[in-house]
Amino acid sequence: MLKALRRLMLFCVLSGVLAAFLAGGAALWWLQRPLPMPADTVDLWVEQGRSPRGIAQDVARAGVGVDPRVLYLWFRLSGQDRKIRAGSYEFDRGTTPRTLLAKLVQGDEASRSVTLVEGWNWRQVREALARADQLKPEIVGMADDALMAQLGLPGVAPEGRFYPDTYTYSKGSSDLAVLRRAMRAMDQRLDAAWSQRSADTPLKSADEALILASIVEKETGKAADRARIAGVFVNRLRIGMPLQTDPTVIYGMGTAFDGNLRKKDLQTDTPWNTYTRSGLPPTPIAMPGRAALIAAVQPEPTKALYFVARGDGSSHFSPSLDEHNRAVDQYQRTPQRNAPRAGTAPEAAR
């Protein structure tokens, strides 16, 4: 009898070990097995404060072929159920329970990006945001003044107020949120540049530095010329000489500009026409990058008051009108030369 009892106990122990082994093997197999997906990608939004049980249910509701009770048990047994992060996620075919949890714990969100390019104007920024993938269009149809009020700058024009960079965002984020980040980035970089301004700058505020930097951005064909171009404009501001820079005229023309800048355009007054008005225009004309911001506040010391495009992206600088006109004859009026880029026009044509 005792012998039979021992055999029964041994059988139970072995059966338990075998059952545990089989269960463990089944669990390992399940953890590494791709979950059935209804499409190539499945979207999941995890709300802040959502419980692990609720997240498991959300995964199943999104169309993933999994029992939410089993998935929740896996979350619990892993010990990472409270480490799951809120956010927007995408799961591809081949996702296993193990990789699904890892993505949720690491906060490996589905991200998109939109690039705002140095030298772009506000109209181009709006167009880029409208084209951005999976970006919620909150600013579509919103007037500029209402938009800037939403961003905390009522009465300020949006032109030039956003830093050119590549911004990543989660699927379903709003264009207004991206603009808020870009505005903060510009504020930080503008403040940093203004704190490094030359002691003798004629600029009276960081806003004036932003305006000048936007002009420098549009006038620069070659990076090495940027600080000297800023120096020319600073020299003109010091002596009260009009800036007479083509990009400001083009900006003031708006959508009426057809690619050709004519003499009548230079003579048609707008708030941004620096041929008909002295000093800086009332707003920036584009988004300047960091290098243009630094150039505006730390211009290269120069005696030059004029510059003209050589046709290769670089510029020729002149301290006198006579030298400038000779440079214009050499670089812009010679038939075999490339057409000049928009820039400071020949003085003789003014």
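Residues numbered from 1 in each chain as written. Predicted model: local features only at pLDDT ≥ 70, side-chain atom pairs only at ≥ 80, totals over all residues. Heavy atoms only, no water.

Student: Give a detailed account of the packing of helix H7 (residues 175-194) against helix H8 (residues 206-219), specifying residues and quantitative values.
Tutor: Contact geometry of H7 with H8 gives a least axis separation of 10 Å together with a crossing angle of 100°. Put simply, H7 runs roughly perpendicular to H8. Along the contact surface, H7 presents Met 186, Leu 190 and Trp 194, while H8 presents Ala 206, Ala 209 and Leu 210. In terms of residue class, the contact of H7 with H8 is built from 6 nonpolar, no polar and no charged. (Axes fitted to C-alpha atoms, helices over the stretch in contact; angles between N-to-C directions. Helix = DSSP H or I, 4+ residues; strand = E, 2+ residues; numbered from the N terminus. Parallel < 35°, antiparallel > 145°, perpendicular 65-115°, else oblique. Contact = heavy atoms within 4.5 Å. Nonpolar A, V, L, I, M, F, W, Y, C, P; charged D, E, K, R; others polar.)

Student: Could you give an account of the pattern of salt bridges, naming the residues involved and the relevant values?
Tutor: Applying the stated criterion across every chain yields a total of 14 salt bridges. Between Arg 76 and Asp 81 there is a salt bridge, with its nearest N and O atoms 3.7 Å apart. Looking at Arg 76, the relative accessible area reads 46%, which means it is partly exposed. By relative accessible area, Asp 81 is classed as buried at 11%. Among the charged side chains, a network of salt bridges with common partners joins Arg 50, Asp 58 and Arg 61. (Salt bridge = Lys/Arg side-chain N within 4 Å of Asp/Glu carboxyl O. Buried < 20%, exposed > 50% of the residue type's maximum accessible area, 1.4 Å probe, protein only.)

Student: Got a sec to walk through the packing of aromatic side chains? Specific residues and values, please.
Tutor: Throughout the structure, instances matching the rule amount to 5 aromatic pairs. The interplanar angle of 80° and the centroid separation of 5.7 Å between the aromatic rings of Phe 233 and Phe 307 together place this pair among those described as edge-to-face. Within this pair, whereas Phe 233 is found in helix H9 (residues 226-239), its partner Phe 307 is found in strand E5 (residues 306-309), the two being separated by 74 residues in sequence. Overall, Phe 233 belongs to the buried group, its relative accessible area being 0%. Residue class for Phe 307 comes out buried when judged on its relative accessible area of 1%. Ring centres of Phe 307 and Phe 317 lie 5.8 Å apart, and the angle between their planes is 35°; on these two criteria the pair is classed as tilted. Of this pair, Phe 307 sits in strand E5 while Phe 317 sits in strand E6 (residues 315-318), placing them 10 residues apart in sequence. On the basis of relative accessible area, Phe 317 is assigned to the buried category, the value being 12%. Grouped by ring-pair contacts, the aromatic residues Phe 233, Phe 307 and Phe 317 constitute a single cluster. The ring of Tyr 163 has Arg 189 sitting right over it, with the charged end atom 4.3 Å from the ring centre. Over the face of the ring belonging to Phe 317 we find Arg 228, whose NZ or CZ atom lies 5.2 Å from the ring centre. (Phe/Tyr/Trp six-rings, centres within 6.5 Å; stacked < 30°, edge-to-face > 60°. Lys NZ or Arg CZ within 6 Å of the ring centre and 35° of its normal.)

Student: I'd like to hear about unusual backbone geometry, residue by residue, with values.
Tutor: Although it is not a glycine, Gln 134 sits at a positive phi angle of roughly 60°. Note on placement: Gln 134 falls in the loop between helix H5 (122-131) and helix H6 (144-150).

Student: Describe the confidence of the model for the protein, and please don't skip the residues or the numbers.
Tutor: This prediction gives the protein a mean pLDDT of 88; 87% of its residues lie at or above 70. Counting interchain partners and residues more than four positions distant, the pLDDT-below-50 stretch residues 345-350 has 23 contacts. (pLDDT = per-residue confidence, 0-100.)

Student: Break down the environment of Ala 39 for me, citing the residues and quoting the values.
Tutor: In this structure, Ala 39 sits in the loop between helix H1 (2-32) and strand E1 (41-46). Residue Ala 39 is classed as partly exposed on the basis of its relative accessible area of 32%. Considering only alpha carbons, one finds Ala 39 and Asp 92, 53 residues apart in sequence, at a separation of 8.1 Å.

Student: If you had to explain H7 to someone new, which residues and values would you point to?
Tutor: The end-to-end C-alpha distance of H7, which contains 20 residues, comes to 28 Å, matching closely the 28 Å that a straight helix rising 1.5 Å per residue would cover. Three or more residues of H7 are buried, namely Asp 175, Leu 176, Val 178, Leu 179, Ala 182, Met 183, Ala 185, Met 186, Leu 190, Ala 193 and Trp 194. Considering only its buried residues, H7 is in contact with strand E3 (111-115), H5, H6, strand E4 (166-170), H8 and helix H12 (290-297). (Expected span 1.5 Å × (residues − 1).)

Student: Break down the nonpolar core for me, citing the residues and quoting the values.
Tutor: Counting residues in each nonpolar core, the largest one holds 53 residues, and the members touching the most others are Phe 162 and Leu 179. Those elements that provide at least two residues to this core are H5, H6, E4, H7, H8, H9 and H12. The element that contributes the greatest number of residues to this core is H7, accounting for 10 residues. When sequence neighbours within four positions are dropped, the list of residues in contact with Phe 162 reads Trp 122, Met 148, Leu 151, Leu 179, Ala 182, Met 183, Met 186 and Met 287. In terms of nonpolar packing, the next biggest core, distinct from the first, is built from 22 residues, Leu 35, Val 42, Val 46 and Ala 56 among them. (Core = buried A, V, L, I, M, F, W, Y, C linked by side-chain atoms within 4.5 Å.)

Student: Can you break down the packing of helix H2 (residues 52-61) against helix H3 (residues 68-78) residue by residue, with the values?
Tutor: Running from N to C, H2 and H3 cross one another at 135°; their axes reach a closest spacing of 8 Å. Classified by the angle their axes make, H2 and H3 are oblique. The interaxial crossing formed by H2 with H3 has right-handed handedness. On H3, the residues that touch Pro 52, Arg 53, Ile 55, Ala 56, Gln 57, Val 59 and Ala 60 of H2 are Pro 68, Leu 71, Tyr 72 and Phe 75. The residue inventory of the contact of H2 with H3, partitioned by class, reads 9 nonpolar, 1 polar and 1 charged. (Left-handed = near helix turned anticlockwise from the far one by under 90°.)

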